[in-house]
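Read off the chains here:
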Amino acid sequence: MTNAVTGHSGRPWWHDAVVYQVYLRSFADSNGDGLGDLAGVRSRLPYLASLGVDALWLNPFYLSPQKDHGYDVADYYEVDPLFGTLEDFDALLADAHAHGLRIICDVVPNHSSSEHEWFKRALADPMSDERSRYIFRPPAADGGPPNNWRSVFSGPAWTLDEASGEYYLHLFDASQPDFNWRHSEVHAEWERILRFWLDRGVDGFRIDVAHGLYKDAELRDNPEAGRLVPGAPAYESINAKHNWDQPETIEVFRRWRQITDSYAGDRMMVGEVFLFDLGRVASYAGADRLHQAFNFMVMATPFEAAALRDVIEKALGAFTVDGAGPTWVLSNHDLVRHVTRYGGGDAGLRRAKAATGTLLALPGSPYLYQGEELGLEQADVPPEARQDPIWVRSGGTIEGRDGCRTPIPWTDEPPGYGFTTSATPWLPVEDTAKAGSVAAEEADPASTLAFYRRAIGIRREARPSLGDEVEWLATPAGTLGFTRSAADGTTYTCLLNTTTRAVPVRLPGEATVVLSSELSVPEGARALPGTDNFAIAVPGETCLWLRSVDPDRFVRDAAQHD
Ligand code: NOJ
């Protein structure tokens, strides 16, 4: 295979890559312990390559007590034996590259595990330098926590170190103490960590809690507790002013960008910037900072054409600044799966496919979450099986994220459904009675999987010649439509109808349906001439892609052949 992982059309590969998130614990278990692992991912690379995605984002696999399922890292240079070895990682990386797939590793620089050597030393010796690499403070005058900050996972963001009488800060679980980014050794160590993985050949990093590294220098009380976010109801304190988005943070990424740029091969970084102000999110991405930042705005928008158009237009405007492309996120391992958010059942699935089809038609990078290509819904994980620290910390009052993290059903055979041979997978495997298994969907041309494959395939074929410009069409209420054109005169039109009834939409010329999220409109159907224009009826809650060739161009080309 010739260099299968090069970018195209002179753009860096990440510019419009489709990235598939592999939630390692739940993807494929190679050794029968009930937990997914690196060798399991490696064994499924042909499946991932056949989806047509460009890159895999792997959730953290480093040595960890797994209190927050890998986001509590005890050693950033080691693979947790639960997932394999460094050699397994190297083998996966090499094989992924051979399949034309890049690998993005998830790094967690906001906090470590309380089992990290630094933190252990920090607790053992209050005079140690390691102590000042975390955020310890004496109690407030009343003996309680130093300020009013709340943990995202509920409860106070401070835990008392009884031995010293001081509190330490943790914006997440008490087992995840926050680093003090005002300490130079934290910077130096993180540069070593990045280089360690870049030297091994990783193609990029997903940066956990990218907007959180610095805290308010004076640790002032937050003016309000913070609101819950639609789609991410488990998270508290998301907009707490003094915890997030401090001006110093961007300087870290300027330095990291110099590091990634010093390596060949367009290494990239995408930041988890969990803010709901698009301008602020976009400010993290650009030519001298992160390559991309997650845009969670579409996720937080209802399935309604005008609202979706508004948020897409704003994102296209905000993210094209300075070389960073937009990203599109509907689901991930922290969010309620979008089939369920859109109402669940057949209707939820129909809407989810229509929304995904729309995002896949846009410039920029869609980030897909494992299982969405099967149409998986949020699972009902019984309380006794729940594991999320949010569930634990909230004393069982907040359901948490287990329902979007259940293992992939590869086959229809219970109890392991091809995910594991163990009788006790870490979370119950998704029951294939609700959504199809990979095996069943591969055999069904009308499946959600088949739809994803077609959409990603068309996108892949079209993008080398497509520009980033999006032209909006005037379409009836309840619909949206836009076109993207290629230099050769081909135009792609995406239409989305979010109402429940079919709506006729006029187009500027003749066009052929190349993709439909519902097969009631056959691919190959044509927009027909109407009284004064070409029109196509878009069924309710459906997305269509149409292709047309510029008629002038046709004539010109024909003349040249005469
Ligand atoms: C965001 C991650 O996506 C989430 O899973 C994790 O719990 C928190 N950051 C804390 O690391």
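So, how was this worked out
- Residues numbered from 1 in each chain as written.
- Predicted model: local features only at pLDDT ≥ 70, side-chain atom pairs only at ≥ 80, totals over all residues.
- Heavy atoms only, no water.
- Helix = DSSP H or I, 4+ residues; strand = E, 2+ residues; numbered from the N terminus.
- Rg over C-alpha atoms; globule rule 2.2 N^0.38 Å.
- Buried < 20%, exposed > 50% of the residue type's maximum accessible area, 1.4 Å probe, protein only.
- Contact = heavy atoms within 4.5 Å.
- Areas by Shrake-Rupley, 256 points an atom, 1.4 Å probe, with all protein chains shown as cover.
- Lys, Arg positive; Asp, Glu negative; His and termini not counted.
- Charge placed at Lys NZ, Arg CZ, Asp CG, Glu CD.
- Pairing = 2+ DSSP bridges.
- Near = heavy atom within 4 Å.
- Polar contact = N/O pair within 3.5 Å; in protein donor to acceptor, adjacent residues only side chain to side chain.
- Nonpolar A, V, L, I, M, F, W, Y, C, P; charged D, E, K, R; others polar.
- Salt bridge = Lys/Arg side-chain N within 4 Å of Asp/Glu carboxyl O.
- Domains from an automatic or database assignment.
- Buried area = accessible area lost by both parts, 1.4 Å probe.
- Phe/Tyr/Trp six-rings, centres within 6.5 Å; stacked < 30°, edge-to-face > 60°.
- Lys NZ or Arg CZ within 6 Å of the ring centre and 35° of its normal.

1. Quick look at the overall build of the protein
If you tally the helices and strands in the protein, you get 14 helices and 21 strands. For the protein, the C-alpha radius of gyration of 24 Å lies close to 24 Å, the compact-globule estimate for 562 residues. Structurally, the protein occupies a C-alpha span of about 85 × 50 × 45 Å along its principal axes. The proportion of buried residues among the 562 residues of the protein is 60%. Long-range contacts, defined as pairs at least 24 residues apart, comprise 69% of the intrachain contacts of the protein with a sequence gap of at least 6. As presented, the protein carries roughly 20700 Å² of accessible surface, and 52% of it is formed by carbon and sulfur atoms. Averaging the locations of the 51 positively and 80 negatively charged side chains of the protein gives two centres separated by 3 Å.

2. So, the sheet that holds strand β16 (residues 490–497)
An order of β14-β15-β16-β21-β18-β19-β20-β17 is seen for the eight strands of this open sheet, with the pairing classed as antiparallel. Sheet topology places β14 (471–472) and β17 (503–507) at the edges, where each strand pairs with a single neighbour. As paired elements, strand β19 (residues 526–529) and strand β20 (residues 534–538) share two bridges and run antiparallel to each other. Note on β20: the bridge partner recorded for L528 is A535.

3. Here's the deal with the site of the ligand
Residues in contact with the ligand amount to 15 residues; listed here are only the nearest, D68, D208, H333, D334 and R401. Interatomic distance of 2.9 Å between a side-chain N/O atom of H333 and an oxygen atom of the ligand. R401 is positioned such that a nitrogen or oxygen atom in its side chain is 3.0 Å from an oxygen atom of the ligand. Among the residues making up the shell around the ligand, the classes are represented as five nonpolar, three polar and seven charged.

4. Observations concerning the pattern of salt bridges
Any two side chains of opposite charge can pair, given that their charged atoms come close. Under the counting rule described, the total for this entry stands at 38 salt bridges. A salt bridge links E272 to R206; its shortest N-O distance comes to 3.5 Å. Here E272, found in the loop between β10 (268–271) and α7 (278–282), pairs with R206, found in strand β9 (residues 204–207); they are 66 residues apart in sequence, far enough to count as distant. Like E272, the residue R206 is buried in the burial classification. The salt bridge involving R220 is made with D216; its shortest N-O contact spans 2.7 Å. For R220, a relative accessible area of 41% gives the class partly exposed. Bridged by salt links that share partners, the residues D68, D334, D388, R401 and R405 form one connected network.

5. Concerning the pairing of β20
Inspection of the sheet shows β17 paired to β20 by five bridges, in the antiparallel sense. Bridged to P504 within β20 is A537.

6. A look at the domain arrangement of the protein
When its domains are assigned, the protein resolves into domain 1 (13–112 + 203–430 + 437–459), domain 2 (117–169) and domain 3 (467–553). Spacing between the C-alpha centres of domain 1 and domain 3 amounts to 30 Å. At the interface, 26 residues of domain 1 touch 27 residues of domain 3. Here domain 1 meets domain 3 over a buried area of about 2300 Å², counting both sides, of which 66% is carbon and sulfur. The interface formed by domain 1 and domain 3 contains four salt bridges. A salt bridge links E518 to K353; its shortest N-O distance comes to 3.8 Å. On the surface where domain 1 and domain 3 come into contact, there are ten residue pairs in polar contact (both at pLDDT 80 or more).

7. Structural notes on the environment of D178
Within the secondary structure, D178 is located in the loop between β8 (166–169) and α5 (184–200). On the accessibility criterion, D178 (0% relative accessible area) is buried. In the structure, D178 is positioned 360 residues away from V538 in sequence and 50 Å away in space, judged by C-alpha atoms. Within the local environment of D178, its side chain forms a polar contact with the backbone nitrogen of L171, the two atoms lying 2.8 Å apart.

8. Some thoughts on the packing of aromatic side chains
A complete count under the given rule lists 34 aromatic pairs for this structure. Ring centres 6.4 Å apart and planes at 40 degrees place the aromatic pair Y23 and W426 in the tilted group. One end of the pair, Y23, is in the loop between β1 (19–22) and α1 (38–43); the other, W426, is in the loop between α11 (389–393) and α12 (438–442), and 403 residues separate them in sequence. This pair shows no difference in class: Y23 is buried, exactly as W426 is. Aromatic side chains Y134 and F179 sit 5.3 Å apart centroid to centroid with 25 degrees between the ring planes, which places their arrangement in the stacked category. Within this pair, whereas Y134 is found in the loop between α4 (117–124) and β6 (136–137), its partner F179 is found in the loop between β8 and α5, the two being separated by 45 residues in sequence. Note on F179: relative accessible area 2%, which makes it buried. Taken together, F61, Y62, Y76, Y77, F89, W181, W190, F196, W197, F253, W256 and Y284 form an aromatic cluster joined through their ring pairs. Above the plane of the ring of W410 lies R44, whose end atom (NZ or CZ) is 3.9 Å from the centre. Cation over ring: R386 sits above W391, and NZ or CZ is 4.5 Å from the ring centre.

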